[in-house]
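# Overview (structure and organization)
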Amino acid sequence: MVSRVIPVEPFDLVIFGGTGDLARRKILPGLYRRFVDGQMPAEARIIAAARSENTDAAFRETVRAAIGEFVTKEKQDATCIAAFLDRLSYVRVDATGSDGWQALAEKMRKDVIHAYYFSVGPGLFGDLARRLHRFGIAGSRCRIVVEKPFGHDLESARDLNATLAEHFDEHQIYRIDHYLGKETVQNLMAVRFGNMLFEPLWNARNVDHIQITVAETVGVGGRGGYYDKAGAMRDMVQNHMMQLLCLIAMEPPYAFEPDAVRDEKLKVIRALDHADPAQIVRGQYLADEEGRGYREDVENPDSRTESFIAMKLNVSNWRWKGTPFYIRTGKRLRARTSEIAIVFKDPPHSIFGDQESHKSNVLVIRLQPNEGINLKVTIKEPGPGGMRLIEVPLDMSFKEALGPEADDIPDAYERLIMDVIRGNQTLFMRGDEVEAAWAWADPVIAGWEQTGDRPIPYDAGSSGPEDALMLMHRDGRRWREVKA
Ligand code: BG6
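This text gives an overview of the structure that appears in the document. Keep in mind that what you see is a predicted model, and the values were worked out from it rather than measured. (Residues numbered from 1 in each chain as written. Predicted model: local features only at pLDDT ≥ 70, side-chain atom pairs only at ≥ 80, totals over all residues. Heavy atoms only, no water.)

## Some thoughts on the packing of helix α8 (residues 224-249) against helix α13 (residues 431-451)
For the pair α8 and α13, the least separation of the axes is 10 Å and the interaxial angle reads 140°. Judged by the inter-axis angle, α8 sits oblique to α13. Seen from above, α8 lies across α13 with right-handed handedness. Two secondary-structure elements touch here, α8 through Met233, Arg234, Val237, Gln238, Met242 and Gln243 and α13 through Glu433, Val434, Ala437, Trp438, Trp440, Ala441, Val444, Ile445, Trp448 and Glu449. Split into classes, the residues belonging to the contact of α8 with α13 amount to 11 nonpolar, 2 polar and 3 charged. (Axes fitted to C-alpha atoms, helices over the stretch in contact; angles between N-to-C directions. Helix = DSSP H or I, 4+ residues; strand = E, 2+ residues; numbered from the N terminus. Parallel < 35°, antiparallel > 145°, perpendicular 65-115°, else oblique. Left-handed = near helix turned anticlockwise from the far one by under 90°. Contact = heavy atoms within 4.5 Å. Nonpolar A, V, L, I, M, F, W, Y, C, P; charged D, E, K, R; others polar.)

Set out below in structure tokens:
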């Protein structure tokens, strides 16, 4: 594979919350990888802004350590690291006061793109936006990047959108959903709209059902405070799972352009039926041998928050009426695996009689780990013994197909940050999309609150509560196994 890395324009990127966890684990190591690959131009500058006292030298050392921890050894080259660290500096700013802002303004060069990454709580978005304007560094070539959670319900999302809109045009606002930056998620669009093979079959006439699974082995870790107020519905379903569902269900956009794609996704969210409480299973992981379950992790012995959710959803439009979408996501499950499975209907009539081994065609799009696409097809078992059918995979693992280059696939964050600099919003959420997703999620959450619904306990290391299996069994279907 020939490297097609095209450097982006010179930029000044300011990361508010530049010493935080996301910056350390994802943003800065990702930028380093883009630098090594030659995508970040020599004139690019990265400025970390945070509240604590720090020096450029000390900040660079923390980034050196982060590169050591989060970048593969092959990419760690002393000369490259030194050249990258040279581009970094630190400014102490007070997001709610005026300290440090003049110094930041003086650092910003006039003739380059300005990108501001708000890697801070949403409560500070308005404060930061106002100060960028007050100190004259929010010109027309500037853009801002905001992280999830984008609100915790429709009302708060609307408020956030309104706050940002007071200061920036929609084309300057990049709402990150890092799932959209994953290689296979984009490949989903390439598979659907770059081939003639699938699209004619991509509808309720031919597809029996769709399964989306995002299973994690990790628990809530040190994020208990946030997570216990969010739960899987707010943390994963309203955003990542919804985005995956949209990309599968949407109509072909007229071009791979920001508004064309986002208009189509929005139509899907609006076509989603209200989720029926009887078709939702919530779960909460139990203590493991070390005695740490969800409630211990979040330090809330009576928590009613779900760390697992499975739901059956219906998209009410011409294409999908009658084909259910089953989605599930959870923490502390058996394996870390994310995949989308399109399960096709059986042929209308079997000329081979009833053969038990015959299974439906399934197209599996594996997001992680081992990204790839797998199509299960039925063939004749080779050799004598009559016409016996077997199922074989037509497998395209990126690793096998692309060789070592597949190890070099950029991480979602680094790809998305480069898109910010390029000014391409296709893989970012528009304000109305986020609001529509909350408008769908809110009544479901409100229902649980009203009825005092409690999640069902499940064993850590399992595939979630039994009831989630029943959700599909009732319909004569079954989940694919949660396995790595
Ligand atoms: C984040 C959620 O947005 O996505 C986390 O807040 C979750 O709870 C994470 O663990 C999953 O992302 P990935 O890329 O590891 O699948």
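## As for the packing of aromatic side chains
Under the definition given, this model contains 16 aromatic pairs. Taking the centre distance of 4.9 Å and the plane angle of 85° together, the rings of Tyr174 and Phe428 count as edge-to-face. Placement of the pair is Tyr174 in strand β6 (residues 173-175) and Phe428 in the loop between α12 (412-422) and α13, with a sequence separation of 254 residues. Judged by relative accessible area, Phe428 falls into the buried class, the value being 0%. An aromatic cluster of at least three residues, connected via ring pairs, comprises Phe16, Trp101, Tyr116, Phe118, Phe125 and Phe135. The aromatic ring of Trp448 is capped on one face by Arg282, whose charged end is 4.1 Å from the ring centroid. (Phe/Tyr/Trp six-rings, centres within 6.5 Å; stacked < 30°, edge-to-face > 60°. Buried < 20%, exposed > 50% of the residue type's maximum accessible area, 1.4 Å probe, protein only. Lys NZ or Arg CZ within 6 Å of the ring centre and 35° of its normal.)

## As for helix α3 (residues 78-85)
Those residues of α3 that fall on the buried side of the exposure criterion are Ile81, Phe84 and Leu85. Projected onto a plane normal to the axis of α3, the buried residues spread over an arc of 95° and lie on a single side. In this fold, the buried residues of α3 make contact with α1 (21-36), β2 (45-50), α2 (56-70) and β3 (88-92). N-cap assignment for α3: the residue whose side-chain oxygen lies 3.1 Å from the backbone N of Thr79 is Asp77. (Arc of directions from axis to C-beta. Polar contact = N/O pair within 3.5 Å; in protein donor to acceptor, adjacent residues only side chain to side chain.)

## Let's talk about the site of the ligand
Every residue near the ligand is listed here: Lys148, His178, Tyr179, Lys182, Glu216, Arg223, Asp235, Met236, His240, Lys331, Arg336 and Gln368. Take Lys182: an N or O atom from its side chain is 2.6 Å from an oxygen atom of the ligand. Interatomic distance of 2.5 Å between a side-chain N/O atom of Glu216 and an oxygen atom of the ligand. Relative to its free-state accessible area of 400 Å², the ligand is covered by the protein chains to the extent of 81%. In terms of residue count, the dominant contributor to the shell around the ligand is α8 (3 residues). When its residues are assigned to classes, the shell around the ligand shows 2 nonpolar, 3 polar and 7 charged. (Near = heavy atom within 4 Å. Areas by Shrake-Rupley, 256 points an atom, 1.4 Å probe, with all protein chains shown as cover.)

## With respect to the pairing of strand β1 (residues 11-16)
Along β1, 6 of the 6 residues are buried, which leaves the element largely enclosed by surrounding structure. Alternating residues of β1 divide into Phe11, Leu13 and Ile15 and Asp12, Val14 and Phe16, and every residue in both groups is buried. Here β1 pairs with strand β4 (residues 113-118) via 6 bridges, running parallel. Note on β4: the bridge partner recorded for Val14 is Tyr116. This β-α-β element, β1 to α1 to β2, shows right-handed connectivity. (Pairing = 2+ DSSP bridges. Right-handed = clockwise from strand over helix to strand, strands pointing away.)

## Focus on the side chain of Asp228
By secondary structure assignment, the location of Asp228 is in helix α8. Look at Asp228: it is buried, it has no salt bridge, and the nearest opposite charge is Lys229 at 7.5 Å. Setting aside chain neighbours within four positions, we find Asp228 in contact with Tyr294, Val298, Asn300, Ser303 and Thr305. (Lys, Arg positive; Asp, Glu negative; His and termini not counted. Salt bridge = Lys/Arg side-chain N within 4 Å of Asp/Glu carboxyl O.)

## Overview of the pairing of β3
In terms of residue burial, β3 counts as a mostly covered element, since 4 of its 5 residues are buried. One ladder, built from 5 bridges, connects β2 with β3; its direction is parallel. Residue pairing in the sheet places Ile47 in a bridge with Ser89 of β3.

## Quick word on the packing of helix α6 (residues 154-167) against α13
Here α6 crosses α13 at 165°, and the two axes come no closer than 8 Å. Here α6 lies roughly antiparallel to α13, going by the angle between them. As α6 packs across α13, the resulting crossing turns out to be left-handed. Between α6 and α13, the residues in contact are Leu154, Ala157, Arg158 and Asn161 and Gly431, Glu435, Trp438, Ala439 and Asp442, respectively. The residue makeup of the contact of α6 with α13, split by class, is 4 nonpolar, 2 polar and 3 charged.

## A short note on the pattern of salt bridges
Considering all chains together, one arrives at 40 salt bridges under this definition. Here Glu199 ties to Arg319 by a salt bridge, and the two come within 2.9 Å at their closest N and O atoms. Placement of Glu199 in the loop between α7 (183-194) and β7 (207-215) and of Arg319 in the loop between β9 (308-313) and β10 (325-330) is noted, with a sequence separation of 120 residues between them. Accessibility classification places Glu199 together with Arg319 in one group, the buried group. The shortest N-O distance in the salt bridge between Arg430 and Asp432 comes to 2.9 Å.

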